[in-house]
Amino acid sequence: VSQSRYDHGFIGGIIPHDVGGVYVQTYQDGVFPSTMQRGRDYAGANLVTLVDTILVTEMDVPTAKVKMRGTQPWPDKVYPNISAREIYTDLVNQARQRSMGVMMMIQVYPDGTIIDSYFRSLTLLSKNSTDFFDAWFSRLKPLVIERAIIARDLRMEYFVVGLNHYFMNSFEPYRDWE
């Protein structure tokens, strides 16, 4: 990768971790710094993307029932002494030491216990599912704001919301999504 890509505003990013539930373990194992460095040295990356998952733990379209929770890197019962802010502060500092920008990308995904019912529920959605969407956004909004505050405070260059929101594409614009 030539240096000239950076001179013309090219962004080459890496996602240095698995978002499948091993975030804190990967962090504690100290793998992030070397992964960032390899991404910078070998792939010419100048951006580190940190994916944060919001888990849907319950979802029923007909009854407009939705429950969500933050997941890794948010502390859990296995690693309760590490705060998300501490992890993000350290990872952002690691990226900055390598002259890399940082993006936090939010994805919404079903908890493993409801995967089948989650995807079945998506088939029931329509532009008339306003009660469901009201419930969805009332649960999603505080979790996104919590992460946006961290991204702002740590001066991350990018904050992306919407990974795995593909099912929203088939509906007319919804007032809370706009």
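Looking at the overall build of the chain
Counting secondary structure elements, the chain contains 6 helices and 5 strands. Start at the N end of the chain and walk to the C end: the helices and strands fall as α-β-α-α-β-β-α-β-α-α-β. Split into buried and exposed, the 178 residues of the chain put 46% on the buried side. Relative to all contacts within the chain whose residues are 6 or more apart in sequence, the contacts with residues 24 or more apart total 78%. When the accessible area of the chain is evaluated, it comes to approximately 9,600 Å², of which 50% is carbon and sulfur surface.

Let's talk about the environment of F132
Here F132 lies in helix α6 (residues 130-153). Looking at F132, the relative accessible area reads 1%, which means it is buried. Counting along the chain gives 72 residues from F132 to D60, while the straight-line C-alpha distance between them is 8.1 Å. Leaving out residues up to four positions away in the same chain, F132 has contacts with M59, D60, V61, A64, V66 and L125.

With respect to the pattern of salt bridges
Within this structure, the stated rule accounts for 8 salt bridges. The shortest N-O distance in the salt bridge between K65 and E58 comes to 3.1 Å. Using a relative accessible area of 26% as the deciding quantity, one classes E58 as partly exposed. For the salt bridge of E157 with R96, the shortest nitrogen-to-oxygen distance reads 3.2 Å.

Notes on the side chain of D52
Within the secondary structure layout, D52 lies in strand β2 (residues 47-60). Side-chain polar atoms of D52 contact the side chain of Y88, separated by 2.7 Å.

Regarding the packing of helix α3 (residues 31-43) against helix α4 (residues 84-97)
Two elements in contact, α3 and α4, have axes separated by 10 Å at closest approach and are oriented at 30°. With respect to each other, α3 and α4 are oriented roughly parallel. Judged by the sense of rotation from one axis to the other, the crossing of α3 with α4 is right-handed. When α3 is examined against α4, the residues F32, P33 and M36 are found in contact with a partner set consisting of L91, Q94 and A95. Class assignment for the residues of the contact of α3 with α4 results in 5 nonpolar, 1 polar and no charged.

Each value, and the rule that gives it
- Residues numbered from 1 in each chain as written.
- Predicted model: local features only at pLDDT ≥ 70, side-chain atom pairs only at ≥ 80, totals over all residues.
- Heavy atoms only, no water.
- Helix = DSSP H or I, 4+ residues; strand = E, 2+ residues; numbered from the N terminus.
- Buried < 20%, exposed > 50% of the residue type's maximum accessible area, 1.4 Å probe, protein only.
- Contact = heavy atoms within 4.5 Å.
- Areas by Shrake-Rupley, 256 points an atom, 1.4 Å probe, with all protein chains shown as cover.
- Salt bridge = Lys/Arg side-chain N within 4 Å of Asp/Glu carboxyl O.
- Polar contact = N/O pair within 3.5 Å; in protein donor to acceptor, adjacent residues only side chain to side chain.
- Axes fitted to C-alpha atoms, helices over the stretch in contact; angles between N-to-C directions.
- Parallel < 35°, antiparallel > 145°, perpendicular 65-115°, else oblique.
- Left-handed = near helix turned anticlockwise from the far one by under 90°.
- Nonpolar A, V, L, I, M, F, W, Y, C, P; charged D, E, K, R; others polar.

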